[in-house]
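What the coordinates show
What follows is the residue order along each chain.
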Amino acid sequence: MSVKRKFSFAFKVATIVCCLIGVLSNLLRTTSIASILSFYTMQSNLFVLVFYSGYFIARKFNSDIEQTKGYHFLKGATVMVIFLTFLVYNISLQPLGFIMDVKTASSNILRFSNLFVHFLTPLMVILDYALFDEKGFFKKWYALLWLLFPAMYPVYVYTYAHFGGKFFGVGGSKKYAYFFLDLDKIGIDGVLTYLLIFCIGYVLLSLILIGFDNLLGKRKSKQQSTTCK
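Just so it is clear, the structure is predicted and the values come from calculations on it, not from any experiment. (Residues numbered from 1 in each chain as written. Predicted model: local features only at pLDDT ≥ 70, side-chain atom pairs only at ≥ 80, totals over all residues. Heavy atoms only, no water.)

Along its length, the chain carries 8 helices and 0 strands. Helices and strands in the chain line up, N terminus first, as α-α-α-α-α-α-α-α. Classification of the 229 residues of the chain by burial places 42% in the buried group. Long-range contacts, defined as pairs at least 24 residues apart, comprise 77% of the intrachain contacts of the chain with a sequence gap of at least 6. Surface summary for the chain: the accessible area is close to 12000 Å², and the carbon and sulfur share equals 72%. (Helix = DSSP H or I, 4+ residues; strand = E, 2+ residues; numbered from the N terminus. Buried < 20%, exposed > 50% of the residue type's maximum accessible area, 1.4 Å probe, protein only. Contact = heavy atoms within 4.5 Å. Areas by Shrake-Rupley, 256 points an atom, 1.4 Å probe, with all protein chains shown as cover.)

In this section: the layout of surface pockets. Considering only enclosed or pocket space, the largest pocket measures out at about 320 Å³ in volume. Among the elements of the structure, α3 (40–61), α4 (69–93), α7 (148–162) and α8 (183–228) are those that each provide at least two residues to the lining of the largest pocket. Among the elements that take part in the lining of the largest pocket, α4 stands out by supplying 5 residues, more than any other. Considering only residue class, the lining of the largest pocket consists of 17 nonpolar, 2 polar and no charged. Computed from the structure, the second largest pocket encloses a volume of approximately 240 Å³. If you go around the second largest pocket, you meet 15 residues; those closest to its centre are L84, L87, V88, S92 and F198. Looking at the lining of the second largest pocket, the elements that each hand over two or more residues are α4 and α8. The leading source of residues in the lining of the second largest pocket is α4, at 7 residues. (1 Å grid on protein atoms, 1.4 Å probe; cavity = no way out; pocket = protein on both sides within 12 Å on 5 of 7 lines; lining within 4 Å. Points joined across faces, edges and corners; volume = space filled by probe spheres on them. Nonpolar A, V, L, I, M, F, W, Y, C, P; charged D, E, K, R; others polar.)

By the definition in use, this model includes 30 aromatic pairs. Plain terms: the ring middles of F39 and Y178 are 5.8 Å apart, the flat faces sit at 80° to each other, and that makes the pair edge-to-face. Taken together, the positions of F39 in the loop between α2 (33–36) and α3 and Y178 in the loop between α7 and α8 put the pair 139 residues apart, joining distant regions of the chain. Judged on exposure class, the residue F39 and its partner Y178 are both buried. Both rings, one in F86 and one in F119, keep their centres 6.2 Å apart while their planes meet at 90°; by these two values the pair is edge-to-face. Taken together, the positions of F86 in helix α4 and F119 in helix α5 (residues 107–132) put the pair 33 residues apart, joining distant regions of the chain. (Phe/Tyr/Trp six-rings, centres within 6.5 Å; stacked < 30°, edge-to-face > 60°.)

This part takes up a nonpolar patch on the surface. A cluster of nonpolar residues, F9, V13, V17, I21 and F112, forms a patch on the protein surface that exposes about 360 Å² of accessible area. In terms of residue count, the dominant contributor to the nonpolar patch is helix α1 (residues 3–29) (4 residues). Take V13: it is sitting in helix α1. (Patch = residues over 30% accessible without salt bridge, like charges linked within 9 Å, V, L, I, M, F, W, Y side chains within 5 Å. Salt bridge = Lys/Arg side-chain N within 4 Å of Asp/Glu carboxyl O.)

By size, the foremost hydrophobic cluster in this structure holds 48 residues, and its most contacted members are W146, Y153 and Y178. For this core, the secondary structure elements donating two or more residues are α1, α3, α4, α5, α6 (142–146), α7 and α8. Residue contributions to this core peak at 10 residues, all from α4. Among residues more than four places away in sequence, those in contact with Y153 are S38, F39, Y40, Q43, F167, A177, Y178 and L181. Listed in part, the 5 residues of the second largest apolar core include F11, C18, F116 and M124. (Core = buried A, V, L, I, M, F, W, Y, C linked by side-chain atoms within 4.5 Å.)

And the structure:
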């Protein structure tokens, strides 16, 4: 195993540990598991957890799993899913004083768990991709498929709310988690406007990531061909 692959493996272990700390610190401190698991933040962190767990399992059977198209497709999806958590929280939610769950006796625990799920885990995933993944595998049409997970979240929220589910946050919606999904306050037109903006923005960000990935991939291929000559 090369030095880079060793560092890559160690960094991925650190990433999954970071994600586990964030997820468990939220689950263990809350008195409403259903509520905390219904926030996009937690679901995106669980997405990361599932991806990296699957990676370590698959690696047992295929040591070159990182060279497969499936790995890169899912890695790109994971980067975008968790990046959305980082972006929306810092731009739209934190300025409003949003707190995901207030059912805790300690504000220190709250700050600790928020740090992991909203900052550290997203940054670790992004750095893992930027530093260690081979570039040039992403396809433009991936952008639409990567949209599926976040696009399904509103469906989940409205189903959860329909069956009496509640959210125990501050600065959001007790019934719909986030202000931009609150049908009672902004109506269907307001919700659809926000969702359209999010979908367009998400696809555009995905295309930027794909373009960046392909640019670096071409640059590396050109350098390798020059070296061979």
